[in-house]
Every structure is written in structure tokens, then in C-alpha cells.
Amino acid sequence: MPVTTPAAHPTSADAVLPQDFGALLREDPEIAAVLLAELDRQSSTLQLIAAENFTSPAVLAALGSPLANKYAEGYPDARHHGGCEHADAAERVARHRATALFGAEHANVQPHSGSSAVLAAYAALLRPGDTVLAMGLPYGGHLTHGSPANFSGRWFEFVGYGVDSESGLIDYAQVRALARAHRPKAIVSGSIAYPRHPDYELFRDIADEVGAYLIADAAHPMGLIAGGAAPSPVPYADVVCATTHKVLRGPRGGMILCGAELAERVDRAVFPFTQGGAQMHTIAAKAVAFGEAATSAFAAYARRVVAHARVLAAGLEAEGFEVTTGGTDTHLIVADPAPLGVDGRLARDRLAAGGLVLDVCALPYGDARGIRLGTAAVTSQGMDDADMARLAALFGAAVREEGAAADVRAEVRELARAHPPYPCGTRAAGPGPGPSGPAGPA
């Protein structure tokens, strides 16, 4: 897919654009302008949202492939539509690569998102009204872990566990006590704002004691798990749900891993119970991402993601932020800017004005809001420890000084220019950003 770089756009030389992007410019200039504006945003600011990353050009190519045209309800060799022989091949490759990469007996690669994967896992194992024990939303739990605005909170009875008020670490004694008191049908490990590794073996022990299924929601650490930089829940959990983007650096989508004894139940819960036709272009892109994640270069990338997060967390503490749990084991950092005299929302807005894009999140014990950020995307861009230290200083300046946005933005643009997400000319060489391209290991 050769690069076309519309000369009128100032950052298009840094872009990976499809060969027929010119057709979009001609046929729909309004949408073309939106895409180019988003390209400019990604190329001139720094993406620190913990759930975001940059896919490789190969993944992008699969997403824009003719498989986008194919309807393929069902599974390989059991489709509801004809002409699925190549769709079947793509899905078989994706499933084989996923099981090999994570050491699982079965993989379903059809979920459209992480939430879709969790919905299917619940559908496979639970019935409406069943009790589920999961991390409470104020402590980092996801919407699918019992939010009253979500299907999970409407259809199931959720009990929330929390974290120790001093250390910020999961209170496993509380988890066990709640499990004994409520006898849940399932226990969920996983969160969106907990920067430490869960103790999957201990979760398994608690689940076994009360006769519960163990569901691991590993959406955030799945890429680290693939790269050997985080422990795997696969040997312990009955079902593992995940996304294929985030640190894994694939297309936006979901996946489910399980043992052979639950394979049919999981597959039926995905199709036909919760989803219709599979997105075959996305499944092909997942296969590409799984193949990339199986390389030693990706393992090195995953280790750098964690190392960078630790450097950045230490730098934020030096700048006056309070980092929850005192640091991180993963790509994820949660910090309280209150010592700098602002709350999470104001901190986010000041950082955004400086070109540093991240999220607000709840902080344990109280109504305060903090900031949540991750190092996956900036590591894909090829940044190093010195860049992380520089980022920490920019964070401090942007949050402390209301009028610092212009100066911070200028430095952020300089960093972004030095580390473009899709450097010009990398497409011909293959992988682009990340482990095998110019932004990969030195």
C-alpha cells in the first residue's frame, strides 16, 4: 500500500496514508479534511491515554482490506453466508496465533470490543440476577464491572472490592471475606486504573474456595503479557477477556481466551447470542498484531513500556504529584495533582492545552479526581528514559503554571517532530512504528 502524501497538508510527509487517499480527497473532501486534521493532531501532540497506541502500517493495511466487504456470520466452516473461504483462513490464522501467543487452549477473536468480550463471558457463565464480585468502580473497576449505567449493573448483582487505604493495593483479605459472605457465581480480576499486577493465583484460590468462576479482564495488560512483561492470567482464570489495541498495538477490538471445556459456551455467547456478523477486516488485522507480538522485538518493546512508566512515575512524584500505590508495574500511572493545588479535571485541561493528552479518573477513598496516563504510545514512537524525564518536567510546568501552555506546547511539538508516530518512508520498510521499525529497539 504505497504512501500518498497530499502536498497541501503540512504534516502529511510524516503520515502513512493509503494509496487511494487521493480518491477520498476527490470524492469526499469534508471527511478527508477530518482525517487529515486527526493526523495532524496525532503528529503534533503526545498521546498519553493509557488505552491508546499506534498500530503498525501492516495492521492499518489489513483494516483497509477487501475483507471489509465480507459478511461472515458464524465461524470457520460453519458460516451463514457463502464465499467465506478466505475469511475462514484469516480467522483460523488469528485464532491459532492468539492461542500460541498466550498459551491458551481456545481463542475467540470476534468480539468487537473489550466490553463485548466481557458481555459474552458473562453470557457464557452467568444468568441474570447472579452475584458477581469485582473491583468497585471508585477503585478502578470498569463500567462492565457493575456500573448501574451498564448492562452489567442492570442484569447482575455486583459486589465491589476495594484497595487498602494506605498502600492503595488490592485488599485480598477483603476480597476473600466478601466472597465468603456473598458466594458469587463469578469473581472478576482486572481494572482500568490499577497500576500493579493482580495476584491471579490468589484470586484462583479465593474463587475455588467459594465455587466461583474466575474471569480475568486483562484489557490493559494484555500487550505486556504477550511480551512477557506482566504475569499471565491464562493458567488461572476460567475465561480471559481482553482488547486487541492498547499495549498489544492491534486494531480496536476484543478477544476471549478459555479452556477447551468452555470453548463452545464462549463461542455461542459471542455468536449468535451477543453479536451478528464478524468484522473480518478487523480479525485479519488482529492476526497481524498477534504475529507482531510474538517477536523478540515486541518483547523488548513491552519491557521498555514498563521501564518508561516507572521513570515517568518517579518524575511526576519529583514534580509534586502523588502517584497512587507509589509507582507502577505496568504501562499505567494514576496520579493526584492536588499537592499542586488543582484537581484532576483542571490538570487534564492544562495538560491538554500544552499538547499532552490523557484522562481523568476516580481516586480511591473520596470524591477527588486524578489523572490517568500510559506510556504505550510514546514508547511506540521511540522515546527513551530521558524523554520521560522531560515529560515529567513538562507535566509539572503545565499544571503548576496557568500561563505555561504555550511554552509547554512548543516543547511538545519538538518532541513529537523528533518522534513521529509514522515516520516518512517507513512503510516501504515494513513495520513502521514499534518493535521492528525505526521507532523500535536501538
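Notes on the structure follow. (Residues numbered from 1 in each chain as written. Predicted model: local features only at pLDDT ≥ 70, side-chain atom pairs only at ≥ 80, totals over all residues. Heavy atoms only, no water.)

**Here's the deal with the nonpolar core**
Part 1 of the argument: F102, I187 and L257 are the most contacted members of the largest nonpolar core, which totals 64 residues.
Part 2 of the argument: In terms of residues, this core owes the most to one element, helix α11 (residues 280-293), which gives eight residues.
Part 3 of the argument: Each residue touching F102, except ones within four places of it in the same chain, is listed here: M222, I225, A226, V234, L248, M255 and L257.
Part 4 of the argument: Core analysis: the second largest hydrophobic core is formed by 33 residues, L48, L373, M383 and V412 among them. (Core = buried A, V, L, I, M, F, W, Y, C linked by side-chain atoms within 4.5 Å. Buried < 20%, exposed > 50% of the residue type's maximum accessible area, 1.4 Å probe, protein only. Helix = DSSP H or I, 4+ residues; strand = E, 2+ residues; numbered from the N terminus. Contact = heavy atoms within 4.5 Å.)

**Section: the side chain of S191**
Part 1 of the argument: The topology assignment puts S191 in the loop between β7 (186-189) and α8 (200-210).
Part 2 of the argument: With a relative accessible area of 14%, S191 lands in the buried category.
Part 3 of the argument: At a separation of 3.2 Å, a polar atom in the side chain of S191 contacts the main-chain amide nitrogen of Y194.
Part 4 of the argument: When sequence neighbours within four positions are dropped, the list of residues in contact with S191 reads M135, G140, G141, H145, D217 and H220. (Polar contact = N/O pair within 3.5 Å; in protein donor to acceptor, adjacent residues only side chain to side chain.)

**Examining the layout of surface pockets**
Part 1 of the argument: Taken as a whole, the second largest pocket encloses approximately 530 Å³ of empty space.
Part 2 of the argument: Taken together, 28 residues line the second largest pocket, and the ones lying closest to its centre are H142, L143, I192, H220 and R372.
Part 3 of the argument: Breaking the lining of the second largest pocket down by element, the ones donating at least two residues are α5 (114-125), β9 (239-243) and β14 (359-362).
Part 4 of the argument: The biggest single contributor to the lining of the second largest pocket is β14, with four residues.
Part 5 of the argument: Residues that form the lining of the second largest pocket fall into these classes: twelve nonpolar, eleven polar and five charged. (1 Å grid on protein atoms, 1.4 Å probe; cavity = no way out; pocket = protein on both sides within 12 Å on 5 of 7 lines; lining within 4 Å. Points joined across faces, edges and corners; volume = space filled by probe spheres on them. Nonpolar A, V, L, I, M, F, W, Y, C, P; charged D, E, K, R; others polar.)

That's the geometry; what it means functionally is another story.
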